[in-house]
Amino acid sequence: MRRALAGVGASKGLALGRARVRHPHVLTLSEETIAPEAIEAELARLDAAMQAARDELGGLREKLHGALAQEIGEFLDLHVLILDDPELRAGLRDLIQTGRYSADYALKLQRDRLAAVFEAMDNDYFRTRLDDLDHVIGRVHAALHRRADDGQLGLAGEILVADDIAPAELAELSRQQLLAVVTRAGSPLSHSAIIARGLHLPMVVGCADALSHVNDGDALLVDGRDGLLVVEPNADDLARYHVARAKIEKKRAQLDRLKRAPTRTQDGMDIGLYANGERREEIAEALSMGADGIGLYRTEFLFMGRAQVPDEDEQFHAYRDAVLGMAGKPVTLRTLDLGADKADNSGLTLRNEPNPALGLRGVRLSLSRPMLLDAQLRAMLRASAFGPVRVLVPMVTAREEIEAVKFRLNALAARLRDDGVPIGEHVRFGVMVEVPAAALTLLDYADLIDFAAVGTNDLVQYLLAADRTHEALDGLYSERHPAVLRLLHQLFAQARDARLPIHVCGELAARAEDVPLLLALGLRDFSVHPGAVLEVREAIRAADVGKLRRRAASLLQCRERAEVERWLERVRAL
């Protein structure tokens, strides 16, 4: 029987396939004890399951490439840290040895103990880590009951329907030709949703009735743009699906023709269009899409998932390869942006920092580790001998931080030249504007920098005091909030007055539908993930900056998000 279920579109695209339903992995176990002589066997069973879970995580880590290695690798590393946590392991062994509980029931008891500690903390970050704890416990519990036919087999041509999905699972599933994902929980701003968009995997979240009304093997039609799930679609649904698929294929062919087209508006203004990327395949894709350069190269991907930090030579070779790969176009290398809110096995960041989002991260961490910063800056300077390099510093809040890094950069450059090491004639120096303080005071430090990059993901989060991955805050976190638009307008105007190049490299820049909004506010340079370059170029080529600028005043008068969205509807109709 046909049934249409509403959710929230998290990753656009259409999919038609069979349902694979996965119900929540909740440990609702009755108390189960074991005989004294069974204790050693039960400990061995637990150890084997823990090792199997660790091997699964390690195996997936090795398979990751491109942006996934950074985005998903961060979550895998965090799950390994939880799995290896001495308190978790000691507690489990004690429950089995002293309490004589089965491994399953010990797992439940220890999970509940740790969950109670997390939930009692007056810290949103640690409370949100409860999901990661549950994913790890669920993986171990599954390993305890592994059967020969278990695992994610036979997912080709199927659509996963689940309570939720961890970012670490998406890469694993997408490699098996999974067609789409539908979840009961989740947010379009979550890490899982962001990764699904990068994988071009249709995803619908917040579909509250999905698990109640979908059975294994049901035919499903998923619309990731409109957030619609159709169970057992009828003839009309299928006809609309095939028409829509044909339009998508036609659109893809049209976009391919834009690879060598200029990024020029209807009224003749050339707009800079850069790509975000680190891996060789991302660099190659950016070049093939006709990007003007790399607007954001996240160097932390070299540091994550390893016990020792990469030395100067390893970093130099990675940066040099990126510079060579862009064939003379500029590459913007961001210094290390690690904090306690990201998985880190190297010991660089503080463990159990009370408020990691506001703690020792970005430039603060780099300045607290001067030898680490110097090695990174030297590697960047050496790479500049092979093509244009720009150095970008994250998480700045004060002029003093910028002065400190610039002083070190200039001193290191002078020393390398004295030693006869080739470096670029002029390495441009800039900062990430992702803290409201940096956005409000741009003119106070504009004389120190050659360019700026706006990280809207963090800027919006800090400005609105709303975690973008928090499901309950979907209505509060929005790049279309009037305060965000007014701050960006002020920031772009300050940059223009200072004749300072500025680009946006957050998720906001990669959404083609928001291109008119950014152009109206005064933005002239975008940096997006390679897969979004052509769609953003098309949106720019369809825009008339003169007309948009004349409507900027009415945009800035909007008092709520709904008014901003109506403004966008009006300008699209021009």
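The structure this text deals with has already been given above.
These remarks concern the structure in this document. (Residues numbered from 1 in each chain as written. Predicted model: local features only at pLDDT ≥ 70, side-chain atom pairs only at ≥ 80, totals over all residues. Heavy atoms only, no water.)

## Remarks on the overall build of the protein chain
Secondary structure summary: the protein chain contains 24 helices and 16 strands in total. Once local pairs closer than 6 in sequence are excluded, the contacts in the protein chain between residues at least 24 apart make up 70%. Accessible surface computed for the protein chain: about 25000 Å², of which carbon and sulfur atoms make up 50%. (Helix = DSSP H or I, 4+ residues; strand = E, 2+ residues; numbered from the N terminus. Contact = heavy atoms within 4.5 Å. Areas by Shrake-Rupley, 256 points an atom, 1.4 Å probe, with all protein chains shown as cover.)

## As for the packing of aromatic side chains
Evaluated as defined, the whole model comprises 4 aromatic pairs. Look at Tyr297 and Phe301: their rings are 5.9 Å apart centre to centre, the planes differ by 65°, and that puts the pair in the edge-to-face class. Phe301 shares its class with Tyr297; the two are buried. Geometrically, the ring pair formed by Phe316 and Phe386 is tilted, given 6.1 Å between the ring centres and 50° between the ring planes. (Phe/Tyr/Trp six-rings, centres within 6.5 Å; stacked < 30°, edge-to-face > 60°. Buried < 20%, exposed > 50% of the residue type's maximum accessible area, 1.4 Å probe, protein only.)

## Concerning the sheet that holds strand β5 (residues 180-183)
The 8 strands lie next to each other as β1-β8-β7-β3-β4-β5-β6-β2, forming an open sheet whose pairing is mixed. Two strands in the sheet have a free side with no partner beyond their single neighbour: β1 (3-6) and β2 (8-11). With strand direction ignored, the average angle separating the axes of adjacent strands in the sheet is 30°. When β5 meets strand β6 (residues 203-205), the two strands line up parallel, connected through 2 bridges. Bridge pairing in β6 places Val182 opposite Val204. Against the sheet, helix α8 (residues 191-198) makes contact with β2 and β6, and its axis sits at roughly 55° relative to β2, the strand it touches most. (Pairing = 2+ DSSP bridges. Axes fitted to C-alpha atoms, helices over the stretch in contact; angles between N-to-C directions.)

## Quick word on the packing of helix α12 (residues 312-325) against helix α14 (residues 370-383)
Orientation of α12 relative to α14, taken along the N-to-C sense of each, is 35°, at an axis distance of 8 Å. Handedness of the crossing formed by α12 with α14: right-handed. In contact with Glu312, Asp313, Gln315, Phe316, Tyr319, Arg320 and Val323 of α12, α14 contributes Ala375, Gln376, Arg378, Ala379, Met380, Arg382 and Ala383. Residues of the contact of α12 with α14, tallied by class, amount to 7 nonpolar, 2 polar and 5 charged. (Left-handed = near helix turned anticlockwise from the far one by under 90°. Nonpolar A, V, L, I, M, F, W, Y, C, P; charged D, E, K, R; others polar.)

## What to know about the pairing of β5
In β5, alternate side chains face the same way, and those of Ala180 and Val182 on one face and Val181 and Thr183 on the other are all buried. Relative to β5, strand β4 (residues 158-162) is paired through 4 bridges, and the arrangement is parallel. For Ile159, the partnering residue across the bridge sits in β5 and is Ala180. On the question of chirality, the crossover connecting β5 to the parallel β6 by way of α8 is right-handed. (Right-handed = clockwise from strand over helix to strand, strands pointing away.)

## Observations regarding the pattern of salt bridges
Here the structure, examined in full by the defined rule, presents 38 salt bridges. Among the ionic pairs, Glu249 bridges to Arg245, the shortest N-O distance being 3.7 Å. With Glu249 and Arg245 both in helix α10 (residues 235-256), this residue pair falls 4 residues apart, about one helical turn. You can call Glu249 partly exposed: its relative accessible area is 38%. Across the salt bridge formed by Arg334 and Glu300, the nearest N and O atoms sit 2.5 Å from each other. Linking Arg334 in strand β11 (residues 331-334) with Glu300 in the loop between β10 (294-298) and α12, this pair joins segments that are 34 residues apart in sequence. With relative accessibility at 0%, the residue Glu300 sits in the buried group. (Salt bridge = Lys/Arg side-chain N within 4 Å of Asp/Glu carboxyl O.)

## Considerations on the packing of α10 against helix α21 (residues 533-541)
Where α10 meets α21, the axes come as close as 9 Å, and the angle between the chain directions of the two elements is 80°. Relative to α21, the element α10 lies roughly perpendicular. Facing Lys251, Leu255 and Asp256 of α10, the residues of α21 in contact are Leu534, Glu535 and Glu538. (Parallel < 35°, antiparallel > 145°, perpendicular 65-115°, else oblique.)

## Details of unusual backbone geometry
A positive phi is found at Met395, a non-glycine position, where the angle reads about 60°. Inspection of the secondary structure puts Met395 in the loop between β12 (389-393) and α15 (399-418). Backbone geometry at Arg499 places phi at a positive 55°, although glycine is not the residue there. The topology assignment puts Arg499 in the loop between α19 (482-497) and β15 (502-504).

Remember, this is a structural readout, not a statement about activity or role.
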